[in-house]
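If you want the building blocks of each chain, they are given just below.
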Amino acid sequence: MSWSLPAQGLNLLLSGLQEAQLDLRALLHLLGCAPDVNGQAAWPFAQRIAGEVLVQDAGHARRVALSIACLLLALLSLLVSLFWRRTRYGLWVGAVAILLLAPWPDAHLLLAPAVPTSLHTSPNGFAAEGIVRGQAVYQQYCLRCHGADGRGEGVDAAQLPMWPPTLNGSLLWKRLEGELFWRVRHGMADRAGRSTMPGFAEQLSDAQVWDVLDYLQAHASGQMLQESGAWTYPVRMPDASVLCRQGLRHSLRSLAGQRLRVAVDGSNADLPDDPRLVTVHAGVPVSDPECQANSAALTTSLSLVLGLSASQLPGQQMLVDRDGWLRARGQPGRGGWSADDLVCRAGEATGVVAAVPANGDGLDGLIRRMDEEPVRLVRGGFVH
Ligand code: HEC
């Protein structure tokens, strides 16, 4: 068999398995078997489902999907045999045959080692304030090994038993955030049990660890954009409070469901409103903005996710889709929008580049693609 699961099937499989794990944890929590650890219910097992392998290994994903289908079919046969007693022997034999013929996946591919916080999720919501606090934590505790640019070439790196990895590539997106949290708190060791990275449970609070992980993600996003010209992995718009017309105060996150255009001051000061999206001015206040977000934390976070210095920021624009993902970047002095500005794409769907935009500014085409090709964040193989 050489077919592989279509993308939607794989997504369904991943979210189904993820739900099943979370439901199991909730049930065990209710029964008192999964007490709270670091503020959330612990995962009490030494193993978890390895979502990351399912994403990478098409053959394995196919076997898992088929095995689940076989299991459901066998269960269905047993259920039917309860009511349709005349055929029950036939149905039992059928169920056993299905179970014997199922292409069961390798257990060592299905499961991965787990820690109590494996299924924990960050309580931060990628807030700009947290990212900035995380930056200070990084500079104080992590920079000496991981380096100012996150590539693992800090001043102390050469003396370590192993070089720290670069944190700017796919690493952060491959891991479950709860497992990164655990590693920063408790450190890491090599196969021989020798410590490779120290743990910070004594020095840092839980909140500080979530903050530094947000910082790492923001920083890695900007480095990725500068190096490859794309946000290869989805990046959330950092959250911050905004003041909109009629004196309404919101958080950027609460504007989800609408498309946003975030324009950093400078050449964008006289940007007209646009009915297709909500315009948020960031940075220096402008006169009569649709929405204005001028916290210093947001400016710092935007320069991180764009990989730019503060002085390069004025004039930058970003488009945020209805789900809160950063999708397109408009650079100062480039004029209107074009398909090339869509730096976060869903898969390789390049065949559907927007046709000639209706109003000539390219924005219609971009908006259509943002709406029609939603992106999803898959971390450690599971959807966030
Ligand atoms: C003494 C040097 C040192 C310091 C200080 C240090 N790290 Fe590390 N870090 C390492 C090394 C070495 C590795 C690779 C360890 C391994 O793979 O066994 C690593 C790995 C990591 C990883 C990758 C984990 C993974 O899943 O592969 C993350 C994330 C990380 N460090 C974050 C941090 C953060 C955040 C701090 C500061 C709070 C920090 N590190 C401080 C040396 C250090």
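These numbers were taken from a predicted model, which means no experiment stands behind them.

Draft legend 1. Here's a closer look at the overall build of the chain. Tallying secondary structure elements over the chain gives 11 helices and 15 strands in all. In terms of overall dimensions, the chain has a C-alpha envelope of 80 × 55 × 40 Å along the principal axes. Within the chain, the fraction of its 384 residues that count as buried is 45%. For the chain, the exposed surface amounts to about 19,200 Å²; the carbon and sulfur share of it is 59%.

Draft legend 2. Main features of the site of the ligand. In the vicinity of the ligand lie 22 residues, with Cys 142, Cys 145, His 146, Arg 183 and Met 197 positioned nearest. The side chain of His 146 places a nitrogen or oxygen atom 2.7 Å from a nitrogen atom of the ligand. In this structure, Arg 175 approaches the ligand through a side-chain N or O atom, which is 2.6 Å from an oxygen atom. Put simply, the parts of the chain that give the shell around the ligand at least two residues each are α6 (128–146), α8 (177–186) and β6 (195–197). With 5 residues, the top contributor of residues to the shell around the ligand is α6.

Draft legend 3. Fine view of the packing of aromatic side chains. Scanning the entire structure with this criterion turns up 6 aromatic pairs. Centroid distance Tyr 138 to Tyr 215: 5.2 Å. Interplanar angle 45 degrees. Geometry classified as tilted. Taken together, the residues span a long stretch of sequence, with Tyr 138 in helix α6 and Tyr 215 in helix α9 (residues 206–228) at a distance of 77 residues. In terms of burial, Tyr 138 and Tyr 215 fall into one category: buried. Summarising the aromatic geometry, the rings of Trp 173 and Tyr 233 are spaced 5.3 Å apart at their centres and angled 20 degrees between planes, so their arrangement reads as stacked. Of this pair, Trp 173 sits in helix α7 (residues 171–174) while Tyr 233 is found in the loop between α9 and β7 (241–244), placing the two residues 60 residues apart along the sequence.

Draft legend 4. Structural context of α9. Compared with the 33 Å implied by 1.5 Å per residue over 23 residues, the 33 Å span of α9 between its first and last C-alpha is a close match. Judged by how many residues are buried, α9 sits mostly within the fold: 17 of 23 residues are covered. Of the residues flanking the end of α9, it is Gly 229, one or two places downstream, whose phi is positive at about 75 degrees.

Thresholds, definitions, all that
- Throughout this description, residue numbers start from 1 for each chain and increase along the sequence as written.
- Confidence filtering applies because this is a predicted model: local features only for residues at pLDDT of at least 70, side-chain atom pairs given and counted only at 80 or more, and all residues used for totals across whole chains, interfaces and linings.
- Side-chain calculation: all heavy atoms of the structure are included, whereas hydrogens and water are not.
- Each helix is a run of H or I in the DSSP string that is no shorter than four residues. Each strand is a run of E no shorter than two, and both are numbered from the N terminus.
- Per-residue accessibility, obtained with a 1.4 Å probe over protein chains only, is compared with the maximum for each type, and a residue is labelled buried under 20%, exposed over 50%, and partly exposed between these values.
- Where accessible areas are quoted, they stem from the Shrake-Rupley method and a 1.4 Å probe; at the residue level, only the protein chains shown are allowed to cover.
- The criterion for a residue being near a molecule or strand is simple. One of its heavy atoms has to lie within 4 Å of it.
- Under this definition, polar contacts are N or O atom pairs within 3.5 Å; protein pairs additionally need one hydrogen-donor-capable and one acceptor-capable atom, and for neighbouring residues in sequence, both atoms have to be side-chain atoms.
- Pairing of aromatic rings covers Phe, Tyr and Trp, the last counted by its six-membered ring, and requires centre-to-centre distances within 6.5 Å; plane angles under 30 degrees mean stacked, over 60 mean edge-to-face, and any other angle means tilted.
- Residue count minus one, scaled by 1.5 Å, sets the expected span of a helix.

All quantities given are derived from atomic positions and should not be read as evidence of function.
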